[in-house]
Amino acid sequence: MALVGIVLVSHSEKLADGLRDLLQQVATDEVRIEPAAGTEDGDLGTSADRIEAAVKRADTGAGVVVLADLGSAVLTARTVLEDLPPGPQLVDAPFVEGAVAAAVLASTGADLETVAGAAREARDVPKF
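Digging into the pattern of salt bridges
Opposite charge on two side chains makes pairing possible when the charged atoms of those side chains draw close.
Link 1 in the chain: Evaluation of the coordinates by the stated rule reveals 6 salt bridges.
Link 2 in the chain: When the shortest N-O distance is used, the salt bridge between K56 and E52 registers 2.9 Å. In this pair, K56 and E52 are both assigned in helix α2 (residues 48-58), 4 residues apart and thus about one turn of the helix distant.
Link 3 in the chain: A relative accessible area of 28% means that E52 is categorised as partly exposed.

Structure follows, in structure tokens:
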């Protein structure tokens with residue numbers, strides 16, 4: 001069964017890799033979680049090429065949720081997604097909490113809309 005994939009767009013490779021490590025603890029191994037972070041030369045920033053490649057790796061046929069950390073990551077992700085076939089969804093959600101919610105729901109076999117909705121709803125969950 002194909003599961004919704006997750007792409008983590010961040011300015012920092014370390015941040016995206018660390019979040020992927022966290023998600024791998026709460027998601028099943030079948031959920032593809034792909035970081036798309038930093039620049040080709042190892043600096044902070046975002047790369048359209050990295051985002052596009054990560055979306056393609058994450059897609060197993062059930063769709064892809066894309067989460068971004070900060071403003072220019074959102075802009076770069078939007079630009080990349082405009083040029084790809086319809087399907088991947090850039091979700092307005094908190095980066096960590098939204099990713100955790102998405103990973104948990106993706107593990108259950110939920111569809112793209114449900115996984116994206118769980119990520120969005122994470123914005124409204126109080127921490128205490």
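Some details on the packing of helix α1 (residues 13-26) against helix α4 (residues 95-107)
Link 1 in the chain: In the contact formed by α1 and α4, the axes pass within 9 Å of each other and the chain directions differ by 35°. Of the two elements, α1 crosses α4, and the hand of that crossing is right-handed. For the pair α1 and α4, the contacting residues are L15, L19, L22, L23 and V26 in the first and F95, V96, A99, V100, A103, V104 and S107 in the second.
Link 2 in the chain: Grouping the constituent residues of the contact of α1 with α4 by class yields 11 nonpolar, 1 polar and no charged.

Some details on the side chain of T46
Link 1 in the chain: In this fold, T46 is placed in the loop between β2 (33-37) and α2.
Link 2 in the chain: Within the structure, T46 has its side chain in polar contact with the side chain of T76 (distance 3.0 Å).
Link 3 in the chain: When near neighbours in sequence (up to four residues on either side) are disregarded, T46 contacts V9, S10, H11, G38, T39, S72, A73 and T76.

Concerning the nonpolar core
Link 1 in the chain: By size, the foremost hydrophobic cluster in this structure holds 25 residues, and its most contacted members are I6, L8, V65 and L67.
Link 2 in the chain: The set of elements that each furnish at least two residues to this core consists of β1 (5-10), α1, β2, β3 (64-68), α4 and α5 (112-121).
Link 3 in the chain: Per-element accounting of this core gives the leading share, 5 residues, to α4.
Link 4 in the chain: Discounting residues that sit within four places of it in the chain, I6 has contacts with V31, R32, I33, E34, A58, V65, L67, A99, A102 and A103.
Link 5 in the chain: Listed in part, the 15 residues of the second largest apolar core include A54, V64, V80 and L81.

Focus: the environment of D83
Link 1 in the chain: For D83, the position within the fold is in helix α3 (residues 71-83).
Link 2 in the chain: Using a relative accessible area of 66% as the deciding quantity, one classes D83 as exposed.
Link 3 in the chain: Residues D83 and E52, spaced 31 residues apart in sequence, show a C-alpha to C-alpha distance of 9.3 Å.

Reading the values: the criteria
- Residues numbered from 1 in each chain as written.
- Predicted model: local features only at pLDDT ≥ 70, side-chain atom pairs only at ≥ 80, totals over all residues.
- Heavy atoms only, no water.
- Salt bridge = Lys/Arg side-chain N within 4 Å of Asp/Glu carboxyl O.
- Helix = DSSP H or I, 4+ residues; strand = E, 2+ residues; numbered from the N terminus.
- Buried < 20%, exposed > 50% of the residue type's maximum accessible area, 1.4 Å probe, protein only.
- Axes fitted to C-alpha atoms, helices over the stretch in contact; angles between N-to-C directions.
- Left-handed = near helix turned anticlockwise from the far one by under 90°.
- Contact = heavy atoms within 4.5 Å.
- Nonpolar A, V, L, I, M, F, W, Y, C, P; charged D, E, K, R; others polar.
- Polar contact = N/O pair within 3.5 Å; in protein donor to acceptor, adjacent residues only side chain to side chain.
- Core = buried A, V, L, I, M, F, W, Y, C linked by side-chain atoms within 4.5 Å.

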